[in-house]
2 protein chains.
Amino acid sequence: MKPPVVSIVSKKNSGKTTLLEKLIPELKKRGYRVGTVKHDTHGFDIDIPGKDTWRHKQAGAETVVISSPWKISVIQDVAEEIGLDEIVERYFGDMDIVLTEGYKRIGKPQIEIFRSTAHSTPLHAKEDPRTLVAVVSDIEVDLGVPRIDINDVQGLAEFIEQRFLQKRS
Amino acid sequence: MKPPVVSIVSKKNSGKTTLLEKLIPELKKRGYRVGTVKHDTHGFDIDIPGKDTWRHKQAGAETVVISSPWKISVIQDVAEEIGLDEIVERYFGDMDIVLTEGYKRIGKPQIEIFRSTAHSTPLHAKEDPRTLVAVVSDIEVDLGVPRIDINDVQGLAEFIEQRFLQKRS
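Keep in mind it's a predicted model, so treat the numbers as computed, not measured.

> What should I look at first to understand the pattern of salt bridges in this one?
A side chain with one charge may pair with a side chain of the opposite charge, provided their charged atoms come close. Summed over the entire model, instances satisfying the criterion amount to 30 salt bridges over all chains. One salt bridge connects Glu-26 of chain A with Arg-30 of chain A, and the closest N-O pair in it is separated by 3.6 Å. Between Asp-149 of chain B and Arg-147 of chain B there is a salt bridge; the shortest N-O distance is 3.3 Å. Bridged by salt links that share partners, the residues Glu-26, Lys-29, Arg-30, Glu-158 and Glu-161 of chain A form one connected network.

> Explanation requested: the nonpolar core in the structure shown.
Soluble, globular proteins show a tendency: their nonpolar side chains are buried together. Ile-87 and Phe-92 of chain A together with Ile-87 and Phe-92 of chain B are the most contacted members of the largest nonpolar core, which has 30 residues in total. Elements with a minimum of two residues in this core: β4 (71-77) and α3 (84-91) of chain A together with β4 (71-77) and α3 (84-91) of chain B. Residues contacting Phe-92 of chain B, with those up to four places away along its chain left out, are Thr-63 and Val-65 of chain A together with Pro-3, Gly-35, Thr-36, Val-37, Ile-87 and Val-98 of chain B.

> Just to check I follow, could you spell out the relation of the copies chain A and chain B for this structure?
Superposition of the two copies of the chain requires a rotation about an axis together with a shift along that axis. Of the transformation placing chain A onto chain B, the axial shift is 0.0 Å and the rotation is 180 degrees, giving an RMSD of 0.0 Å. The relationship between the two copies is best expressed as a two-fold rotation axis. Most of the interface of chain A is mirrored in chain B, where 100% of its interface residues again form contacts.

> Just checking my understanding: could you explain the pairing of strand β7 (residues 132-137) of chain B for this structure?
Consecutive side chains of a regular strand alternate in pointing toward one face of the sheet and then the other. All names here are of chain B. When you tally the buried positions in β7, you get 6 out of 6 residues, the bulk of the element. Here strand β6 (residues 110-114) pairs with β7 via 5 bridges, running parallel. When the bridges of β7 are listed, Gln-110 appears paired with Leu-132. Examined bridge by bridge, β7 and strand β8 (residues 147-149) share 3 bridges and lie parallel to one another. What sits directly across from Val-135, in β8, is Arg-147.

> How should the interface of chain A and chain B be read in this particular structure?
Frequently, the measure chosen for interface size is the accessible area removed from exposure when the parts meet. Taken together, the 58 residues of chain A in the interface contact 58 residues of chain B. Carbon and sulfur atoms make up 56% of the area that chain A and chain B hide from each other, which totals about 5600 Å². Across the pair Asp-52 of chain A and Lys-38 of chain B runs a salt bridge whose closest N-O atoms are separated by 2.5 Å. Between the two partners, chain A and chain B, sit 35 residue pairs in polar contact (both at pLDDT 80 or more). Mapped onto the side of chain A that touches chain B, the elements with two or more residues apiece are α1 (16-29), β2 (34-39), α2 (52-58), β3 (63-67), β4 and α3 of chain A. For the side of chain A that touches chain B, the class distribution of residues is 25 nonpolar, 16 polar and 17 charged.

> I would appreciate a short explanation of the packing of helix α1 (residues 16-29) of chain B against helix α4 (residues 153-165) of chain B in the present structure.
When two helices pack together, their arrangement is given by the angle between the helix axes and by the axis-to-axis distance. All names here are of chain B. Running from N to C, α1 and α4 point in directions that differ by 60 degrees, and their axes come no closer than 9 Å. It follows that α1 is oblique to α4 by the angle criterion. Like other packed secondary-structure pairs, α1 and α4 cross with a definite hand, here right-handed. Of α4, the residues touching α1 (which contributes Leu-19, Lys-22, Leu-23, Glu-26 and Leu-27) are Val-153, Gln-154, Leu-156, Ala-157, Ile-160 and Leu-165. For the contact of α1 with α4, the residue count by class is 8 nonpolar, 1 polar and 2 charged.

> Is there a simple way to explain α1 of chain B in this structure?
Count 3.6 residues to each turn of an α-helix, and residues three or four apart come out pointing the same way. Residues and elements named next belong to chain B. The end-to-end C-alpha distance of α1, which contains 14 residues, comes to 20 Å, matching closely the 20 Å that a straight helix rising 1.5 Å per residue would cover. Inspection of α1 places Lys-16, Thr-17, Leu-19, Leu-20, Leu-23, Ile-24, Glu-26 and Leu-27 among the buried residues, and these make up the whole buried set. Directly beyond the C-terminal end of α1, a positive phi value near 95 degrees is found at Gly-31.

> How should the environment of Glu-161 of chain A be read in this particular structure?
Residues and elements named next belong to chain A. With respect to the element layout, Glu-161 can be found in helix α4 (residues 153-165). Note: C-alpha distance between Glu-161 and Leu-27 (134 residues apart in sequence) is 8.0 Å. When near neighbours in sequence (up to four residues on either side) are disregarded, Glu-161 contacts Arg-30, Tyr-32 and Gln-166.

> Any chance you could explain the pairing of β6 of chain B here in plain terms?
Residues and elements named next belong to chain B. With 5 of 5 residues buried, β6 lies mostly within the body of the structure. Here β6 shows two buried faces, one formed by Gln-110, Glu-112 and Phe-114 and the other by Ile-111 and Ile-113. Where strand β1 (residues 5-9) and β6 come together, 3 bridges link them in parallel fashion. In the strand pairing of β6, Ser-7 is matched with Gln-110.

> Looking at this structure, I do not really get the environment of Leu-99 of chain B. What am I missing?
Residues and elements named next belong to chain B. By secondary structure assignment, the location of Leu-99 is in strand β5 (residues 97-101). By relative accessible area, Leu-99 is classed as buried at 0%. The spatial distance from the C-alpha of Leu-99 to the C-alpha of Pro-3 is 10.0 Å, given a sequence separation of 96 residues. Excluding residues within four positions of it along the chain, Leu-99 makes contact with Val-6, Leu-20, Leu-23, Ile-24, Leu-27, Val-34, Gly-35, Thr-36 and Val-37.

Definitions and cut-offs
- Residues numbered from 1 in each chain as written.
- Chains lettered and ligands numbered in written order.
- Predicted model: local features only at pLDDT ≥ 70, side-chain atom pairs only at ≥ 80, totals over all residues.
- Heavy atoms only, no water.
- Salt bridge = Lys/Arg side-chain N within 4 Å of Asp/Glu carboxyl O.
- Core = buried A, V, L, I, M, F, W, Y, C linked by side-chain atoms within 4.5 Å.
- Buried < 20%, exposed > 50% of the residue type's maximum accessible area, 1.4 Å probe, protein only.
- Helix = DSSP H or I, 4+ residues; strand = E, 2+ residues; numbered from the N terminus.
- Contact = heavy atoms within 4.5 Å.
- Least-squares fit on C-alpha atoms with pLDDT ≥ 70 in both.
- Pairing = 2+ DSSP bridges.
- Buried area = accessible area lost by both parts, 1.4 Å probe.
- Polar contact = N/O pair within 3.5 Å; in protein donor to acceptor, adjacent residues only side chain to side chain.
- Nonpolar A, V, L, I, M, F, W, Y, C, P; charged D, E, K, R; others polar.
- Axes fitted to C-alpha atoms, helices over the stretch in contact; angles between N-to-C directions.
- Parallel < 35°, antiparallel > 145°, perpendicular 65-115°, else oblique.
- Left-handed = near helix turned anticlockwise from the far one by under 90°.
- Expected span 1.5 Å × (residues − 1).

Here it is as structure tokens:
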């Protein structure tokens, strides 16, 4: 059974990672196994320069794995970007929920973060195609979906649980 | 078809990563797709502190993926260590060869690096069970298998190609 996927989206620098840092433990506390996917359209360099696996990758290895008794990590070149559905299928089969940071152009249910101190208007307009399921914001805003205060992480976890998780248990 | 797996093994600090850094491009030059696996028995922290995916992992996400158009990386908690065969099956299906750094207790064909400036005796004795297929060293040493000079990376690539790769093409 594939886990539900919820995308956390926003305009730049609205605090997606910061929100996820609070939301993940809140969902874990409720007993759910949480996976995350970060969408990086600009490329990334995840490994620490100088570490052995980074040196393998730099030397031209196309796929590099580091494996320990507690963790496994894989870095892999891809000929073309792997779609979100394929990622979920490959890596998240045993999770209860997958939260993505980014992927605002993919048609998964989206929760927008809108911080009025960072931007004057939200990413989504009220009349946008209805992938938006909630907005998390520091001010009142009407996007035609439930609005949750940016500091109410419990409320957000509650919303996600009711909407995406309770039918599973 | 599963790629051949060759383990680069040695006593500590004999230059496994340094040798792999030279060997990988030499094999790539010959047209092979190379994957590597590093065995880390002590645990590792592969991601850069402060980066978004590291923050997801720290916050309790069990599986974290970062995906770009060119690369994908996965960091995953495991309940128990994933065996080398399983790793090869999961991640290296499209490689021509997999080189491991470590895994000296696993019964894959092994190439030992012996540097006399680092250790007085090799890891393998001549009478060891015959997983050893070659020794790469800075001095003459008889382990009952071909010996290749530590600076002769082309010779090592040649050996690996003949022994493990040519029957594939």
